[in-house]
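Survey of secondary and tertiary structure
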Amino acid sequence: MSTTVSESPYQSYVYAYPHKTAYRPLPERPRLAELWRGEKQDALSLYLHVPFCEVRCGFCNLFTRIGSPEGLTTAYLDALERQARQVREALAPGARFALAAFGGGTPTYLSAAELERLCDIAELRMGADLRAVPLSVEASPDTATADRLRVLAERGTTRLSLGVQSFLDGEARAAVRPQKRAAVEAALGRVREAGFPVLNIDLIYGIDGQTPASWVASLDAALAWRPEELYLYPLYVRPLTGLGRHAPAGPAPEWDAQRLALYRAGRDHLLAEGYEQVSMRMFRRAGAARASAGEYACQTDGMVGLGCGARSYTSRLHYSFDYAVDAREVRRIIDDYVAAPDFSRAELGWAMTDEETRRRHLVQSLLQGEGVDLAAYRERFGSAPELDFPAELAEFAGRGWLTRAGDAGGRLLLSAEGLAWSDAVGPRLFSAAVRANMAEYEAK
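Residues numbered from 1 in each chain as written. Predicted model: local features only at pLDDT ≥ 70, side-chain atom pairs only at ≥ 80, totals over all residues. Heavy atoms only, no water.

**Observations concerning the overall build of the protein**
Operational definition: Working definition: helices are DSSP H or I runs of at least four residues, strands are E runs of at least two. Numbering for both runs from the N terminus. For the radius of gyration, the atoms used are the C-alpha atoms, and the globule rule reads 2.2 Å times the number of residues raised to 0.38. Residues count as neighbours in contact if any of their non-hydrogen atoms are within 4.5 Å of one another. In this count, Lys and Arg are taken as positive residues and Asp and Glu as negative ones, while His and the chain termini are left out. Note on charges: their place is set at NZ of Lys, CZ of Arg, CG of Asp or CD of Glu.
When you go through the protein residue by residue, the secondary structure sums to 16 helices and 18 strands. A globule of 444 residues ought to have a C-alpha radius of gyration of about 22 Å, and the protein, at 21 Å, matches this closely. Dimensions of the protein, computed from the C-alpha atoms along their principal axes, are close to 55 × 55 × 45 Å. Residue pairs in contact within the protein that sit at least 24 positions apart in sequence constitute 78% of those at least 6 positions apart. Charge centroids of the protein, computed over 52 positive and 57 negative side chains, lie 2 Å from each other.

Next up, the structure:
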């Protein structure tokens, strides 16, 4: 594999592999019943996507629509219910779910009554017991109203993730996120009053004008609420986003240096405050409740996604609907979804070969603080990461990004510096085929 990747630490946030921009239309449009036949279905994850927000932040490249004409959210939930019925028929009768999540967009854009219906779709149509499994829901300060939070708490939500990004009004404006600190603090009060076991607060570093002092001030404002989790995201400026329309082209070494310095300042501050680092982005308060317990493993278990922005994973194929960022394209895709009568086939996807499955396992493991369990890797694949990916791992070791824990059968980990460079590590593990498809993808 070539090692001529740009030296920026911020190549791509690898939250899943392969990336959705590698997916292509599936000419055969396979039936879901065929895709899921023979798959392990005793510990699936369920994801429901709500593609609506009240505003679009300047950095946002998620698949989401701003606002909704009268009746659209009802029509969307109608389509989601149609899809749920057909997807559930494609699964085995004994399929069960080990965890669930509502994302978007902003799920709490929906009214309290619509959130009740969303939960009903997950429970009554899909068979997920939301009160018995971990359930994570994303929210924004303005939509985290008492009635919505009450519904989510009563229906079993274990983790409420609030997108704050910055507690400083000036930084929020610079990120094109129209919010006031007073509204954020009020929302956090409502979230705590609702009694969710886990509160996560999302913050962003690398905002124009942000300094180490202002970054730590924002962190301290979050820490005052003693969140069980904190996610620290480096700011990315992507094509077709509000910030992207005015961003200069070419490398940005000064910005890279700023983001790295802010990452280290934030990491060190949270470690000193009693938080444990779970990944480059995620920090968990020591001894705090965990949102997800048990044996669920993101490397192996299937994902069932509902909604026009959701992905689904089987062992042989990852699939989804079309993806866009541009507002007109997003509206088109949502309109097509709402009008669709048939959800029994996969439309776009990526076939998972043995090599891609190994790459996914390595990516999903190595970017976590716990790293790769070498014995589990050997049991699953009959090999070792160093044998399967010698060039990549040799490069990581040469850069001081790798370390080991335990004996020869222990764990392969990213070093502290390797974690800081996670967004450069992940893309280096992409296959040539995935990389080619991503390069050919035309943003829309």
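**Overview of the nonpolar core**
Quick reminder of the rule: The criterion is simple. A nonpolar core is a set of buried Ala, Val, Leu, Ile, Met, Phe, Trp, Tyr and Cys residues joined through side-chain atoms within 4.5 Å. Only protein chains enter the area calculation, which uses a 1.4 Å probe; residues under 20% of their type maximum are buried, those over 50% are exposed, and those in between are partly exposed.
Counting residues in hydrophobic clusters, the biggest one holds 118 residues, and the most contacted among them are Leu46, Leu203 and Leu366. Among the elements that take part in this core, helix α2 (residues 72–90) stands out by supplying eight residues, more than any other. In this structure leucine 203 touches Val164, Gln165, Ser166, Phe167, Trp215, Ser218, Leu219, Ala222, Leu230, Tyr231, Leu232 and Tyr233, once residues within four positions along its chain are discounted.

**Side note on the side chain of glutamate 228**
In plain terms, the rule: Under this definition, polar contacts are N or O atom pairs within 3.5 Å; protein pairs additionally need one hydrogen-donor-capable and one acceptor-capable atom, and for neighbouring residues in sequence, both atoms have to be side-chain atoms.
The residue glutamate 228 is located in the loop between α7 (212–223) and β9 (229–234) in this model. Classification of glutamate 228 as buried rests on a relative accessible area of 8%. One polar contact links the side chain of glutamate 228 to the main-chain amide nitrogen of leucine 199, over a distance of 2.8 Å.

**Examining the state of the cysteines**
Quick reminder of the rule: Disulfide assignment relies on a single distance test, namely cysteine sulfur atoms paired within 2.5 Å.
A complete count under the given rule lists zero disulfides for this structure. Of all cysteine sulfurs in the structure, the one in cysteine 53 sits closest to cysteine 119, which takes part in no disulfide; the separation is 18 Å. Here cysteine 308 is not cross-linked by a disulfide; its sulfur's nearest cysteine counterpart is in cysteine 53, at 12 Å.

**Considering the sheet that holds strand β16 (residues 372–373)**
Rules: For two strands to be treated as a pair, DSSP must find at least two bridges joining them.
Taken in spatial order, the three strands line up as β16-β18-β17 in an open sheet, and their pairing is antiparallel. Of all the strands in the sheet, the pair left with one neighbour each is β16 and β17 (402–405).

**Some details on empty space enclosed by the protein**
What counts, and what does not: Cavity and pocket criteria rest on a 1 Å grid covering protein atoms alone: a 1.4 Å probe that fits but cannot get out defines a cavity, protein on both sides within 12 Å along at least 5 of 7 lines defines an open pocket, and an atom within 4 Å of a point defines a lining residue. Grid points are joined across faces, edges and corners, and a volume is the space filled by probe spheres set on the points. Three categories are distinguished: nonpolar for Ala, Val, Leu, Ile, Met, Phe, Trp, Tyr, Cys and Pro, charged for Asp, Glu, Lys and Arg, and polar for the others, with Gly belonging to the last.
The final tally for this structure, using the stated rule, is one cavity of 30 Å³ or more. Within this model, the largest cavity holds a volume of roughly 120 Å³. The wall of the largest cavity is formed by 14 residues, among which Leu32, Gln83, Gly305, Tyr319 and Phe321 lie closest to the centre. Listed by contribution, the elements that provide at least two residues to the lining of the largest cavity are α2, β12 (303–306) and β14 (317–320). Broken down by class, the residue content of the lining of the largest cavity amounts to eight nonpolar, four polar and two charged.

**As for the pattern of salt bridges**
To be explicit about the condition: For salt bridges, the criterion is a side-chain nitrogen of Lys or Arg within 4 Å of an Asp or Glu carboxyl oxygen.
Inspection of every chain in the model, using the stated rule, returns 34 salt bridges. The partner of arginine 37 in a salt bridge is glutamate 34, and the shortest N-O contact between them spans 2.5 Å. A salt bridge links glutamate 395 to arginine 428, with the shortest nitrogen-to-oxygen separation between them at 2.9 Å. Of this pair, glutamate 395 sits in helix α13 (residues 390–398) while arginine 428 is found in helix α15 (residues 422–428), placing the two residues 33 residues apart along the sequence. When its relative accessible area of 1% is taken as the criterion, arginine 428 is described as buried. It is possible to trace a salt-bridge network through shared partners that takes in Asp78, Glu81, Arg85, Arg117 and Arg125.

**Observations concerning helix α9 (residues 327–339)**
Residues three or four positions apart in an α-helix share a direction because the helix packs 3.6 residues into each turn. To keep it simple, the criterion reads: A helix is expected to span 1.5 Å for every residue after the first. Think of it as the arc spanned by the lines of direction from the helix axis to the C-beta atoms.
With 13 residues, α9 should cover 18 Å at 1.5 Å per step; its first-to-last C-alpha distance of 18 Å lies within 8% of that length. Listed as buried for α9 are Val330, Ile333, Ile334, Tyr337 and Val338. All buried residues of α9 project into a common sector of 135° when viewed along the axis, lining one side. Of the exposed residues in α9, those oriented more than 90 degrees away from the buried face are Arg328 and Ala339. N-capping of α9 is provided by aspartate 326, with a side-chain oxygen placed 3.2 Å from the backbone N of arginine 328.

**Some details on the environment of leucine 348**
As for its position among the elements, leucine 348 is in strand β15 (residues 348–351). Setting aside residues up to four positions removed in sequence, leucine 348 forms contacts with Tyr23, Arg24, Pro25, Leu26, His318, Tyr319, Ser320, Phe321 and Asp322.

**Quick look at helix α11 (residues 374–381)**
Among the residues of α11, Leu374, Tyr377 and Phe381 are the ones counted as buried. Along the axis of α11, the buried residues cluster in a sector spanning 60°; they form a single face. Where the residues of α11 are buried, they touch α10 (354–366), β16, α12 (385–388), β17 and β18 (411–414). The backbone nitrogen of alanine 375 has a side-chain oxygen 3.1 Å away, supplied by the residue at the start of α11, namely aspartate 373. Immediately beyond the C-terminal end of α11, within one or two residues, lies glycine 382, with a positive phi of roughly 65°.

**Comments concerning the packing of aromatic side chains**
Just so we agree on the cut-off: Classification of ring pairs rests on two measures: the distance between centres of Phe, Tyr or Trp rings, Trp counted by its six-membered ring, which must be within 6.5 Å, and the angle between planes, read as stacked under 30 degrees, edge-to-face over 60 and tilted in between. In this scheme, Lys NZ or Arg CZ marks a charge over a ring once it lies within 6 Å of the ring centre and within 35 degrees of the ring normal.
In this structure the tally under the stated criterion is 17 aromatic pairs. Seen from their ring centres, tyrosine 17 and phenylalanine 430 are 5.2 Å apart, and the 40° between their planes marks the pair as tilted. Of this pair, tyrosine 17 sits in the segment before β1 (24–25) while phenylalanine 430 sits in the loop between α15 and α16 (432–440), and the two are 413 residues apart along the sequence. This pair shows no difference in class: tyrosine 17 is buried, exactly as phenylalanine 430 is. Ring plane angle 80° and centroid distance 5.6 Å describe the contact between phenylalanine 321 and tyrosine 337, whose orientation is recorded as edge-to-face. Here tyrosine 337 lies in helix α9 and phenylalanine 321 lies in the loop between β14 and α9, a separation of 16 residues in the sequence. One Lys or Arg, arginine 259, reaches over the ring of tyrosine 236 and ends 5.9 Å from the middle of that ring.

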